[in-house]
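Residue-level listing of the chains:
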Amino acid sequence: MKLKPVLKWGALGLVAVLLLGLLAGNWFVRQRLPQRQGTLALAGLTAPVTVRYDRVGVPHIQAGNEADLYRALGYVHAQDRLFQMEMLRRLSRGELAEVLGPKLLPTDRLFRTLGLRARGDEVGPKLDPALASTRALQAYLAGINQFQDTHPVPTEFALLGIPKRPFTAADTISVAGYLAYSFAAAFKTEPVMTQIRDQLGPNYLKTFDLEWHPQGAVTEGLKLAQADWAGLQQLSALSHDAVALSGVAQMEGSNAWVLSGAHTASGKPLLAGDPHIGFATPAVWYEAHLSAPGFELYGHFQALNPAALIGHSAQFGWSLTMFQNDDIDLVAETTDADHPGQVKVKGQWLPLTTREETIQVKGAAPVTLQLQRSPHGPIVNEALGDGAPTRPIAMWWAYLETENPVLDAFFRLNRASTLAQARSAAEGIHAPGLNVVWANAAGDIAWWAAARLPLRPPGVNPSFILDGATGEADKLGYVPFARNPQQENPADGIIVSANFQPPGTDPVPGYYNLWDRGARISQRLHEPGVKWTADNTRPLQLDTGTGYPQRTLTPLLPTLQQAVQDPKEKKLLELLLKWDGKHDVGLIAPTLYNQLLYNLSELAMADELGDKGFDALRRTRTLDTALPRLLADPGSPWWDRRNTPDRVEKRDDIVKAAWAAALQHLRSTIGSDTTLWTWARTHTVTHAHPLGQQKPLNLLFNVGPFAAPGGREIPNNMSQPLGPAPWAVTYGPSTRRIIDFAQPEQALGVNPVGQSGVWGDKHYDDQATGYMQGRYRMENLAEADVARQTVSTLTLTP
């Protein structure tokens, strides 16, 4: 009987402990929420700055001068996104293992080898203080650092034990280098293209529609050992996986178009854009409306950069797509035992230079790297660490080899209201290659392929690994910007940029995306008699189909119609026969088609390339382009299976096997009830947080999953990898913007997740559902609209 009071008081004590824990947890979270109202002192200001927050947490910042404006931007950006800034800094500078442990050591080794940290440390301190862009950066970083110095560390800092450290211009330069790296496809493409050329031959290579040189872009003397091929495949995988492991979004593709007033209902230009970037929590863009005497912009900002990468004002606006030009050459160097520490270049033995860097590793001993550089660039296969191939592979990269005043270029683009100003700003973008799609309220429209394009020796194909011992890796100079692909006020009044190979008299080597997505957009925009508005532009951005499924299926249907006899399977085939190619969430055909496409490519190519080689090929854009050519060619050598030496398979054999394999996989993963094979069940988006990779933290920090309409290389480019079902979308529209310059103050936009990266904040994920449903919201510029939408006001004082 005496035990009951003890149990009673014990239970009450446990409840009290739990309540105290909840109260402490609530206090911990609330201490870290952004402050969006009241008054705060911000050192360095010359006058008060007003920050009005709208209903989705976008700050509308009004300052008396630009120095105060950018200091305030840094402060409010940091209170919403400090952990994102920290992760981007650590990723680009190879410092993730210090806080995340040994599993991130390969990622750190890769980025140290690429030289982004060294580049930042070299360039950052040398930025010209006389430039307005440098002064803006210094003020912005001061705002970030003051927030960090005066507030508790974010939740993620506390969980991971991340120490506070000032942000510097070197960090901003390093992050810009990561942006350039994330566009580069050479690491994923050139090793596998060279493997196909040299190990399989021209009959296999022609499927990829690459120019074939009988002597090869590499001379007869270049022979890579099997260990070298294995290392290059490992480098390709490391390059692909590095960003995924860090949980930081990667740049991928984009749509943008601009119409002259002749094609719009308003008679003014209309600009639409949706850059395609890896999904993550928080989203890549931070939106802010900046206003100071003589300057106003509604911008989308990347962490640690005070210049908006995309934006608009009442007078002008622009969007970006990835150019996809090849600005990286991989170069196989020649060494021998008689010339240690040297490589052979055009008959001369030239020295390798070496620098030492140390990576701090959480829970383990520091790792010291000896990083080498040849006359062609850093030796990148050193990123593989111990056991790396003995043949050095150097990387020539335009980002490292040009002056590349990209920060100043975007600062000027933020103010470019005329054609001449925008053209001049675009010329300053050397790497990464970007398509700048621009318009102004005066009626001008334009597009510039902005990049410093190298002049390579005649006959050299940079799609393959080059021979450093010859002159084929030389650079003869650069193409003048005036010869870059571009259009200004074209006669037809329509400009479309969607990562396809651009028009131009001079070919530009690159790893371009499928043309189907751009063709779909262009076809719609050229429909006669249509006058475009924001209302009829939205369905085009949200379009879920292209002609690519028909291009790939048409050659196969006769075989499938003859081979499929089972009544249930005939019903499934009938879905493909009647399908219009749209990837809507309620349809079964997209699931069946994408699984079939994977099985076709896997059965045709994996036996020749091996599993690792095929995985490397799946990570490239070249496979998307190659598949229509392969499927239309019944005589391709890819159809023959190497593991059946007693027979020669034809296309029909592989098509039948792929159909059976596709059905078997879907039955085993989704179930035998085919009504459940909908795109909604098999194609989903999750906005992953870096800490969400560790269960059960995914339940706290990740946002999603959501059923996702659209798909790979479709206008609504919710892109899934070419692989087996189910599919997790890896990237898609990072925002969707529509600006009619008759009413630029009523521009439309959306964020895939939310403005805030602070867990527990009301703007952490408040746009995620609406984004998936295809909703838009106003990006307010006009004073009356800003005042009406203001939810709270924060005043920053000197």
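Residues numbered from 1 in each chain as written. Predicted model: local features only at pLDDT ≥ 70, side-chain atom pairs only at ≥ 80, totals over all residues. Heavy atoms only, no water.

Undergrad: Honestly, the overall build of the protein in this entry has me stumped. Any pointers?
TA: The number of helices and strands found in the protein is 26 helices and 29 strands. Computed over its C-alpha atoms, the radius of gyration of the protein comes to 27 Å, within 12% of the 28 Å expected for a compact globule of 798 residues. Reported as C-alpha extents along the three principal axes, the dimensions of the protein are approximately 80 × 80 × 75 Å. Within the protein, buried positions represent 59% of all 798 residues. A separation threshold of at least 6 residues defines the contact pool for the protein, and within that pool the share at least 24 residues apart is 72%. In the form shown here, the protein has an accessible surface area of approximately 30,100 Å², with 55% of it arising from carbon and sulfur atoms. A gap of 6 Å separates the mean positions of the 72 positive and 77 negative side-chain charges of the protein. (Helix = DSSP H or I, 4+ residues; strand = E, 2+ residues; numbered from the N terminus. Rg over C-alpha atoms; globule rule 2.2 N^0.38 Å. Buried < 20%, exposed > 50% of the residue type's maximum accessible area, 1.4 Å probe, protein only. Contact = heavy atoms within 4.5 Å. Areas by Shrake-Rupley, 256 points an atom, 1.4 Å probe, with all protein chains shown as cover. Lys, Arg positive; Asp, Glu negative; His and termini not counted. Charge placed at Lys NZ, Arg CZ, Asp CG, Glu CD.)

Undergrad: Any chance you could explain the sheet that holds strand β6 (residues 286–292) here in plain terms?
TA: For sheets, the rule is that strands pair by backbone hydrogen bonds, running either parallel or antiparallel. With mixed pairing, the 11 strands of this open sheet are ordered in space as β1-β29-β2-β3-β6-β7-β8-β9-β17-β18-β20. The open sheet has two free edges, formed respectively by β1 (38–41) and β20 (486–488), since each of these has just one partner strand. Adjacent strand axes in the sheet meet at a mean angle of 20 degrees, parallel and antiparallel pairs treated alike. With 3 bridges connecting them, strand β7 (residues 295–301) and strand β8 (residues 310–312) associate as antiparallel partners. Across the sheet, the residue bridging to G299 is G311, located in β8. (Pairing = 2+ DSSP bridges. Axes fitted to C-alpha atoms, helices over the stretch in contact; angles between N-to-C directions.)

Undergrad: Would you take a moment to explain the confidence of the model for the protein for this structure?
TA: Regions with low pLDDT should not have their predicted coordinates read in detail. Here the protein averages 91 in pLDDT, and 92% of its residues register 70 or above. Low confidence marks residues 212–221, where pLDDT is under 50. Its contacts with residues over four positions away, or in another chain, come to 19 contacts. (pLDDT = per-residue confidence, 0-100.)

Undergrad: Whenever I open this one, the side chain of S254 confuses me. Can you help?
TA: Its location among the elements puts S254 in strand β4 (residues 251–259). In this view, S254 contacts D274, P275, H276, L320, T321, M322, S497, A498, N499 and R517; residues no more than four positions away in its chain are not counted.

Undergrad: Any chance you could explain the environment of P733 here in plain terms?
TA: Along the polypeptide, P733 turns up in strand β25 (residues 731–733). Placed 559 residues apart in sequence, P733 and S174 show a C-alpha to C-alpha distance of 25 Å.

Undergrad: Is there a simple way to think about unusual backbone geometry in this case?
TA: Note on backbone geometry: most residues besides glycine have negative phi, and most peptide bonds are trans. The omega torsion across T281 and P282 is -5 degrees, close enough to zero to call that bond cis. Examined against the element boundaries, P282 turns out to sit in the loop between β5 (270–278) and β6. Residue P696 is bonded to the preceding K695 through a cis peptide linkage, with omega at 5 degrees. Structurally, P696 can be placed in the loop between β22 (683–687) and α24 (697–701). Although it is not a glycine, K346 sits at a positive phi angle of roughly 50 degrees. With respect to the helices and strands, the residue K346 is situated in the loop between β11 (342–345) and β12 (348–351). Looking at K346, the relative accessible area reads 51%, which means it is exposed. You will see that N489, though not glycine, has its phi angle at about 45 degrees, which is positive. Structurally, the position occupied by N489 is in the loop between β20 and β21 (494–497).

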